[in-house]
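# Tertiary structure, described
One letter stands for each residue in the lines below.
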2 protein chains.
Amino acid sequence: MPNAFDNPTPGAKRIVISIDAMGGDRGPAAVVAGIAMSASKNPDIHFIVHGDESVLTRLIRRRRISHRCDIRHAPRAVAMHEKPSHVMRHGEGTSMWSAIESVRNGEATVAVSCGNTGALMALSMIRLRKIPGVNRPAIACLWPSRNPQGFNVMLDVGADVKADAEDLCQFALMGASYARNGLGLDRPRVGLLNVGTEENKGRAEMKAASDLISAASDAGSFDYVGYVEGGDLPSNRVDVIVTDGFTGNIALKTGEGTAKLIGDFLKEAFAATPLSRIAALLALTSLRRLQKRIDPRRVNGGVFLGLNGTVVKSHGSADATGMSAAIKLAFQLAKSGFQERLAARVASAGSARQDAPNEDGSSRAE
Amino acid sequence: MPNAFDNPTPGAKRIVISIDAMGGDRGPAAVVAGIAMSASKNPDIHFIVHGDESVLTRLIRRRRISHRCDIRHAPRAVAMHEKPSHVMRHGEGTSMWSAIESVRNGEATVAVSCGNTGALMALSMIRLRKIPGVNRPAIACLWPSRNPQGFNVMLDVGADVKADAEDLCQFALMGASYARNGLGLDRPRVGLLNVGTEENKGRAEMKAASDLISAASDAGSFDYVGYVEGGDLPSNRVDVIVTDGFTGNIALKTGEGTAKLIGDFLKEAFAATPLSRIAALLALTSLRRLQKRIDPRRVNGGVFLGLNGTVVKSHGSADATGMSAAIKLAFQLAKSGFQERLAARVASAGSARQDAPNEDGSSRAE
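Residues numbered from 1 in each chain as written. Chains lettered and ligands numbered in written order. Predicted model: local features only at pLDDT ≥ 70, side-chain atom pairs only at ≥ 80, totals over all residues.

## A closer look at the relation of the copies chain B and chain A
The criterion, for reference: Here the copies were fitted onto each other by least squares, based on C-alpha atoms from residues at pLDDT of at least 70 in both. A pair of residues counts as a contact when their C-beta atoms, built from backbone coordinates, are separated by no more than 7 Å.
Note on the copies: chain B fits chain A at an RMSD of 0.1 Å, the axial shift is 0.0 Å, and the rotation between them is 180°. Such values leave the two copies arranged in the relation of a two-fold axis. By residue overlap, the copies meet face to face through one surface: 100% of the interface positions of chain B are interface positions in chain A.

## A short note on the packing of helix H1 (residues 27-41) of chain A against helix H2 (residues 53-62) of chain A
To describe two helices that pack against each other, one gives the angle between their axes and the distance between the axes. All names here are of chain A. Put simply, the test is: For every element, the axis is a line fit to its C-alpha atoms; helices are fit only across the contacting stretch, and the angle between N-to-C directions ranges from 0 to 180 degrees. Runs of H or I in DSSP of at least four residues are treated as helices and runs of E of at least two as strands, each being numbered from the N terminus. Working definition: roughly parallel below 35 degrees, roughly antiparallel above 145 degrees, roughly perpendicular at 65 to 115 degrees, and oblique for all remaining angles. Helix crossings are classified by the rotation of the near helix relative to the far one: an anticlockwise turn of less than a right angle makes the crossing left-handed, while a clockwise turn makes it right-handed. Residue classes follow a fixed rule: Ala, Val, Leu, Ile, Met, Phe, Trp, Tyr, Cys and Pro count as nonpolar, while Asp, Glu, Lys and Arg count as charged, and any other residue, Gly among them, counts as polar.
The interhelical angle for the contact between H1 and H2, taken along N-to-C directions, is 40°, at an axis separation of 10 Å. By the angle between their axes, H1 is oblique relative to H2. The chirality of how H1 crosses H2 is right-handed. Every residue of H2 that contacts H1 at Pro-28, Ala-29 and Val-32 is listed here: Val-55, Leu-56, Leu-59 and Ile-60. Along the lines of polarity and charge, the residues of the contact of H1 with H2 split into 7 nonpolar, no polar and no charged.

## Things to note about the interface of chain B and chain A
Across the boundary between the two partners, chain B contributes 48 residues, which contact 49 residues of chain A. Those elements that provide at least two residues to the side of chain B that touches chain A are helix H8 (245-271), helix H9 (274-282) and helix H10 (284-294) of chain B. Here the side of chain B that touches chain A gets 19 residues from one element, more than from any other, and that element is H8 of chain B. The residue inventory of the side of chain B that touches chain A, partitioned by class, reads 26 nonpolar, 14 polar and 8 charged.

## Some points on the packing of helix H4 (residues 95-104) of chain A against helix H5 (residues 117-128) of chain A
Residue and element names in this part refer to chain A. It is the contact of H4 with H5, at a shortest axis distance of 10 Å, that shows an interaxial angle of 35°. When you trace H4 past H5, the crossing you get is right-handed. Contacts between H4 and H5 involve Met-96, Trp-97, Ile-100, Glu-101, Val-103 and Arg-104 from the first element and Ala-119, Leu-120, Leu-123, Ser-124, Arg-127 and Leu-128 from the second. Here the residues of the contact of H4 with H5 sort into 8 nonpolar, 1 polar and 3 charged.

## Looking at the domain arrangement of chain A
Residues and elements named next belong to chain A. Counted only if it meets this: These domain limits were set by an automatic method or by a database of domain assignments.
Looking at chain A, the domain boundaries give domain 1 (1-134 + 306-358) and domain 2 (140-299). Of the residues lining the interface, 24 residues belong to domain 1; the matching set on domain 2 comes to 21 residues. Breaking the side of domain 1 that touches domain 2 down by element, the ones donating at least two residues are H5, helix H11 (320-335) and helix H12 (338-355). Of the residues assigned to the side of domain 1 that touches domain 2, the class counts are 13 nonpolar, 8 polar and 3 charged.

Structure representation (structure tokens):
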């Protein structure tokens, strides 16, 4: 598998990030603005930027970051509505394909795209391929939380709509490795999302997954806290929340939607009367402090786990701030040597998993 | 089936609500305080209160509502940790059993309990039984929303962890009936919770459910808007969100947890500096306005749908305000003749459902 991570040592050398500049809702200008923001904050990042050469050359020159960027021309872009199966067959020549290719051939450590999620996962799967021991890759997101680091990791939030007990156990291993390298937690606490925390609650297949994860906790260097509920997601009970991609996607979007609703209600409440508008002015610092803690752009970036190479999916609607947050995440993971550590962890846990009971008989067809 | 609804006409006569006073986390004092609050607001409600007679007599006398309440002695209470299967076998003599019995024998129109959800559903199932045409009862909750009525209906939020395509179609019919009678919507908009709104996304069984719901929309007098995502829950796209009890429970608790997290962050933001504390004082009215819109106590009350009799499940930790909200909901449903309308709607949709394709081959075993 062609994949080079010449630089897992922090701070030693520049990190190369591969950027798909064409896929987002706001077009390449927002992506390049995000690159410029990251470039000015962090002198250690170098970029390979994929997309329409003439457009990108102009945007990058205007931002005066030509010396930080290599441009790779890609004549086509993947549209948001394109079916993943179609993109898998006809994706060559797109900026997304090209961005993944830079990770595949070892030029870059991590790829970042704000394009079509399904297509990005499909292309990442066929081009980077799964690491040994992983049956189903997952997308991990960060979730605002009461725990000391301020964020939880939740996975899968939408790589696939299903996951059996062994998949969920691999999610636990991969999520713990991500929390260790992305959030700096030595021994993350892992929980399995279920309805009710009692042993007798939830779907039958949950029990099998719970047993497997419990058995893998030593090899995975994590603490298994058992079942967690939706209300525990932002709690200090857990650092890594394991669930299937259907439930995780709905939980993620429900949380985001609720936060947005409350934010809008808050604005309306402060706009209601002249006095409340004065209060809002005085409260501005406090409200900004709040906004910073729950701003979805700050936690922008779903990470694809389980492939030979790391891919960060930014929100389709990401602006410069959101894109810059995704690039920062990509940089942190690249710097920590996350990819190699994750692969080693999954491999070492393989034997522990083989000893654990597997009561789940469902098929593993993709 | 013994069940009397002598009074479906609004405003004509008093409505009798049956209350399980013993099951909640805060004990019978909080429940009786909620009864007193409702009694003072609404002269049309009469209560049958179930639990320890001496305790209840004292609490009810102290609140001066003896003339509004009949007390029914029940020597035992169902504990929060008791398994539903155990309560089904040994539940006779509990206040929960007794409260359901008042609906079963027609003394009361709706029962309200803040006890153990699983036990309440199990007892309601065996004592009230399912209405003809319903395979799986559901729990419906109200969700703060941007739509004109301020709330959505979501179901199932935890009666059962699974639901096949035909169950989901029945949830659509029952949820639409609930929205019509509980929220006053002539023709509710119904959506099916999924990942992604495109036709090709989500689990395969979703497509079968979507076809069934679409075919039932005329008989059910609702508009089917297709798939909705987690982010659409609080939107003005939809009034009734249909999902299985596993996903619905996690979405509900995730939404509640997110709202609580933001509320706590907001408090911390306003407590951070002396200036922000002054700002908070000035902003008090605005913040109270916000709190009122998202206060979970205002939407307290999951309604069990699909049984011969209506049961409202209040939050286990409900205080007087929360309990009073659950009683108000019970009163509204009783007054509208909801129970009979729901049964009629499910029956009339039966023929429409038989004509619709059913691609789902899963078993209906409970």
